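Structural overview
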Amino acid sequence: MKVLETLTTRGQRMLLLIDEMGKLLEHAANGDGDAHFFQDLAELASRSNGRLVVIGVLHQAFDDYAYRLARETRDDWLKIQGRFVDIPLNPTGEEQVELLSRAIESSQTPTDTTFADRVAREIHGDRPGAEQFAKRLAACWPLNPVVACLLGPLSRRRFGQNQRSLFGFLGSAEPFGFQEYLDSTQADSRRDYDVTWLWSYLRINLEPSILASPDGHRWAVAVDAIERCESHGGTDLELGVLKAVALIDLFRERSGLVASRSIIETAVHLSETDAKCTLDRLRDWSLVVYRRHLGGFSLYAGSDFDVDAAVEEARAQQSSCDYGRLRQTGVLAPILAKRHYHDTGAMRWFDVDLAPLENASARLSSMDTGTGAAGLFLLIVNDQGASSAKIRRQIEKLTAQVGDEPVAFAVSADSFMLRELTLELLALERIQVGRPELKGDAVARREVSGRIARLAGELEARLRQALVGACWTAPAINLDMGSSRLLGAAGLSIMASRMAKELYPDAPLIRNELVNRSKPSSNAMGAIRALMIAMVTSADRERLDIVGYPPEAGLYVSLLERTGLHRRGEDGAFVFQGPPEHADKARLAKLWTVGDMLLAERPSVTMADLHDCWRDRPVGAKEGLLPIFGLAFLLSRRADLAIYLDGRFCPSIGDLLVDRMLQDPGSVQMRWSNVSERDASILRGLANAMAELGEDLSALEPLAIGRQLVAVVLATPTWTRRTSRIGLAATKVRDLALAAHDPNKLLLEDLPAIAGADATVPKIVALLQEGMRELQTAYGTMLGEINTLLMAELKASDAGFAVLRERARRIIGLTGNYRLDAFATRLSTYNGELDALEGLASLAANKPPRDWVDRDVDAARVEIAALAQQFLRGEAFAHVGGRRLERFAIAVYMSDPSRAALVAPEINLDGAALRRARSLAMTLHSTLGDDVPRDVAIAAAAELMAVLAENRDEADPAERLGRRGAVA
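Residues numbered from 1 in each chain as written. Predicted model: local features only at pLDDT ≥ 70, side-chain atom pairs only at ≥ 80, totals over all residues. Heavy atoms only, no water.

As annotated in an unreviewed UniProt entry, the protein chain is ATP-binding protein from Mesorhizobium onobrychidis.

Dropping the structure here:
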């Protein structure tokens, strides 16, 4: 431009000829060029006083190249076009028919030229040249003469492009095109390419472009008429006539054709009678109307809605541009880091969004990191036309705001067009939903829908081009993004992969799509759980004892076997270990390093904390991998970790821990374990104490001993864990073990504190051994006391269990007392074992052993004594039921003034005791001899009985008798 201006200023004359100027205009319309260049060029030519002449060669009108642009932009292009003088070089309709006749060669051209003559007369009338034109139309066979006349005007419409479109139609392989007609029609059928073929060709291939052109309204009217005809049950003949009227009426101005009856007969090969009847039916259905001033038919215009005026009104009501509509297009779909996925097996994506320059900072502030996206690509739209300096200042602010966040942003080079297209699209959508006139106007609805579809497509194309062509900046990552601009659509994926590589350099290399993802499927979660169960139950087995090839077998191979996490140890047994130092192909060492550092920094770490560290940069492990690698880390560090589940020490790792870990990783807690020399001595003493109790310990480690100690306490009966009737040492050992949260603290601080601050290690160990032994024997001791009470109350201490069982069988069902029967039934099989004792005590306490407390044991003692008395009383009345029992019962009542109350002892003896009593009676009788009077002897026996009854616990009854004699 400067060169031209300099030359014209010097007085030189120049002719600037621009061939294919339309290509430059298309380039400008796509946003890569500037149409104002031609305005500057025209102004320069107008100021040159004729010294500069600019000639541009176009295939269409200047503004036709801007038909895809927004309305305001098209108006600007019209202003630029006004600075040039249009010299149309449009061939006439006859010239285009001549071109068609020469382009089509046929050896079977029909000799009957009736239809061609009729069309020529309709166009030329009585003017000369009609005969020659008829010959040209006949030479266009197999094109119908009406179609041949329509193709020329059709090529000059906005959706065509002169001869290029004309010959493109002849050679096109599009559906219902001329080539398809030639391939599907026999030459001897004499069927030509008529308006029905042409309608189908336009409807299928060009309808979106027609609707977006100035002919869109009339096309929508035509389509609506066709559909209404079909709803009336129109035949192929009626539809053909209606299509002929529609096409002739659409291109009437430039073709010279009018949809008269004779032209319609020619277009669809009808007789005069058939044409008249068909047109009458179409008029009755209000589909066509006869225009007297035209002398032919046209479509019934059922719509007077002005879409352009409605758009202008809707745009005037818009205060700002809502770019939320653009987010609904598929162009703003996430960008996948495909190369990173190929390398690491982890699918990562970056969200794509767009925001005006003024709102870019607010959009970054509201960035949602919970969507699973690795970062954000933000396209900034300069919709207010801010200056370069202002844009530069805003970019500097955004760069500082982004910091180390994974964000890339760029300013669109097509901001103005994005804004204009968005505003027009929003206006049309507002019309579509907010104008009640459209409800009864199918033509207007179709026209609006067509424009929306065209604008949406154009907007998507421009957005896609803006995303691909933008120069992206990622402040947090040191990458050269400039070269990616030349890589097209794939460049965005390449940039995403580079960003992902920089963000997650330590990402594990696990190629397993089942679990290396953010949200594993339900089937994948089932396989994960099955694998984790095998990890805790069969850690020492090859392949974790997985048989065959279930889903968890594939997970084992890709996540544990190939990575070396589950391999043979030094002793040849399979164990879980950290990643191999020199063969870490899966790049897992960083995960273990992060875990160890986290445990070293904090006194306590939950599995959720570990997952968070692995999830974050620079590792970025996916959700599906976290539970498996988390459990593998725990198992590989098991000897050095204390494990807690829901705040309580977990002595063993099993199914429950796996389920809770999957449900809530925060419920699993880990702590390091460290031991001093004094602590080691205490541990050895505790290990010996545990060994005395029959517990086998493989290592003198706090975790192993602590787990075993807690397991021993937890294995004791419920009553032992609740009773207060054990020694102080046993009580403290039990309470500390049950409340233990840390095995180190339990073994090396809490338990030694029982013996006192200054206690020596032997004293501590002795006290702990005493407590552990008592805990082991407390329950058996308590049941033994109940057994002693039972045998004493039943007078069976010397008889044995066999005699007691026989006595019980004779009592069952005797008294009608169901509770006594239940008591006797249990006694009928009683052998003094633990289970039998628990059964009797449960009956007496009315509670199962798992619910016993000290009050229940006391109640059981009293109830057993009461039931025993009822049992003995029942034996005394066994004869009533006809049962013979070897029991002796006697009750004596004696009143003595020297005694405060009536003496009434009751005696119940079994057979052996009765025989002994009788033997003793015979000895006493022989001792008295015959010299003692009968009354004196009976009185002596009664006095002895009373003394024995009152003083059954006195050590020397003879002394009592002596005192009685002295008083007498």
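Looking at the side chain of Asn144
As for its placement among the helices and strands, Asn144 is situated in the loop between α7 (130–139) and α8 (145–155). A polar contact is formed between the side chain of Asn144 and the backbone nitrogen of Val146, at a distance of 2.9 Å. The contacts of Asn144, once residues within four sequence positions are left out, are Asp192, Tyr193, Asp194, Thr266, Ala267 and His269. (Helix = DSSP H or I, 4+ residues; strand = E, 2+ residues; numbered from the N terminus. Polar contact = N/O pair within 3.5 Å; in protein donor to acceptor, adjacent residues only side chain to side chain. Contact = heavy atoms within 4.5 Å.)

Some remarks on the sheet that holds strand β7 (residues 375–381)
Spatially, the 4 strands line up as an open sheet ordered β5-β6-β7-β8, and their pairing is mixed. Across the chains shown, the open sheet's two edge strands, defined by having one partner strand only, are β5 (335–336) and β8 (407–411). As defined by bridge partners, β7 adjoins β8 across 5 bridges and the pair is classed as parallel. Counterpart to Leu376 in the pairing with β8 is Val407. Sheet contacts for helix α21 (residues 388–402): β7 and β8; angle to β8, the most-contacted strand, approximately 175°. (Pairing = 2+ DSSP bridges. Axes fitted to C-alpha atoms, helices over the stretch in contact; angles between N-to-C directions.)

Some details on the sheet that holds strand β14 (residues 668–672)
Strand pairing in a sheet takes place through backbone hydrogen bonds and is either antiparallel or parallel in direction. Spatially, the 4 strands line up as an open sheet ordered β11-β14-β12-β13, and their pairing is antiparallel. Looking along the sheet, the strands with just one partner apiece sit at the ends: β11 (605–606) and β13 (648–649). Packing of helix α27 (residues 589–601) onto the sheet brings it into contact with β11, β12 (641–645) and β14, and relative to β14 it is tilted by some 75°.

Comments concerning the nonpolar core
Grouped together as the largest cluster of nonpolar side chains are 68 residues, with contacts concentrated most on Leu143, Tyr193 and Leu198. Considering every element that reaches this core, the biggest residue donor is helix α14 (residues 236–250), with 9 residues. In terms of nonpolar packing, the next biggest core, distinct from the first, is built from 58 residues, Leu686, Ala796, Leu804 and Leu843 among them. (Core = buried A, V, L, I, M, F, W, Y, C linked by side-chain atoms within 4.5 Å. Buried < 20%, exposed > 50% of the residue type's maximum accessible area, 1.4 Å probe, protein only.)

So, the environment of Glu692
When you line up the elements, Glu692 lands in helix α31 (residues 677–692). Between the C-alpha atoms of Glu692 and Met772, which are 80 residues apart in sequence, the distance is 10.0 Å. Leaving out residues up to four positions away in the same chain, Glu692 has contacts with Gln769 and Arg773.

With respect to the packing of helix α25 (residues 522–537) against helix α30 (residues 655–663)
It is the contact of α25 with α30, at a shortest axis distance of 9 Å, that shows an interaxial angle of 145°. Pair α25 / α30 crosses with right-handed handedness. On α30, the residues that touch Met525, Ile528, Arg529, Met532, Ile533, Val536 and Thr537 of α25 are Asp655, Val658, Asp659, Met661 and Leu662. Classifying every residue of the contact of α25 with α30 by side-chain character gives 8 nonpolar, 1 polar and 3 charged. (Left-handed = near helix turned anticlockwise from the far one by under 90°. Nonpolar A, V, L, I, M, F, W, Y, C, P; charged D, E, K, R; others polar.)

A closer look at the pairing of β14
Judged from the 2 bridges that link them, β11 and β14 form a sheet pairing that is antiparallel. Bridging across to β14, Thr606 finds its partner in Gln669. Note that β12 and β14 share 5 bridges and pair antiparallel. The residue of β14 that forms the bridge with Ala642 is Arg671.

So, the packing of aromatic side chains
Inspection of the entire model under this criterion finds 20 aromatic pairs. With a centroid separation of 6.4 Å and 35° between ring planes, the pair formed by Phe169 and Phe178 is classed as tilted. Among the residues examined, Phe169 registers a relative accessible area of 4% and is labelled buried. Here the aromatic cluster, defined as three or more aromatic residues joined through ring pairs, consists of Phe169, Phe176, Phe178, Tyr181, Tyr193, Trp197 and Tyr201. Seen from the ring of Tyr504, Arg348 lies directly overhead, with NZ or CZ sitting 4.2 Å from the centre. (Phe/Tyr/Trp six-rings, centres within 6.5 Å; stacked < 30°, edge-to-face > 60°. Lys NZ or Arg CZ within 6 Å of the ring centre and 35° of its normal.)

Quick notes on the pattern of salt bridges
Tallied over the entire structure, the rule returns 33 salt bridges. Across the salt bridge formed by Glu98 and Arg102, the nearest N and O atoms sit 2.6 Å from each other. Here Glu98 and its partner Arg102 are both found in helix α5 (residues 93–103), 4 residues apart, which amounts to about one turn of the helix. Across the pair Asp280 and Lys276 runs a salt bridge whose closest N-O atoms are separated by 3.3 Å. Here Asp280 and its partner Lys276 are both found in helix α17 (residues 272–284), 4 residues apart, which amounts to about one turn of the helix. (Salt bridge = Lys/Arg side-chain N within 4 Å of Asp/Glu carboxyl O.)

Looking at the environment of Ala28
With respect to the helices and strands, the residue Ala28 is situated in helix α2 (residues 21–29). Note: C-alpha distance between Ala28 and Tyr65 (37 residues apart in sequence) is 9.3 Å.

Points about unusual backbone geometry
Residues other than glycine predominantly adopt negative phi, and peptide bonds predominantly adopt the trans conformation. For the peptide bond that leads from Trp141 to Pro142, omega is 15°, which places it in the cis range. As for its position among the elements, Pro142 is in the loop between α7 and α8. A positive phi angle, close to 60°, is found at Asp545, a residue other than glycine. Relative to the helices and strands, Asp545 is located in the loop between α25 and α26 (551–561). Residue Asp545 is classed as partly exposed on the basis of its relative accessible area of 42%. A positive phi angle, close to 60°, is found at Asn846, a residue other than glycine. Secondary-structure assignment places Asn846 in the loop between α39 (834–845) and α40 (854–876).

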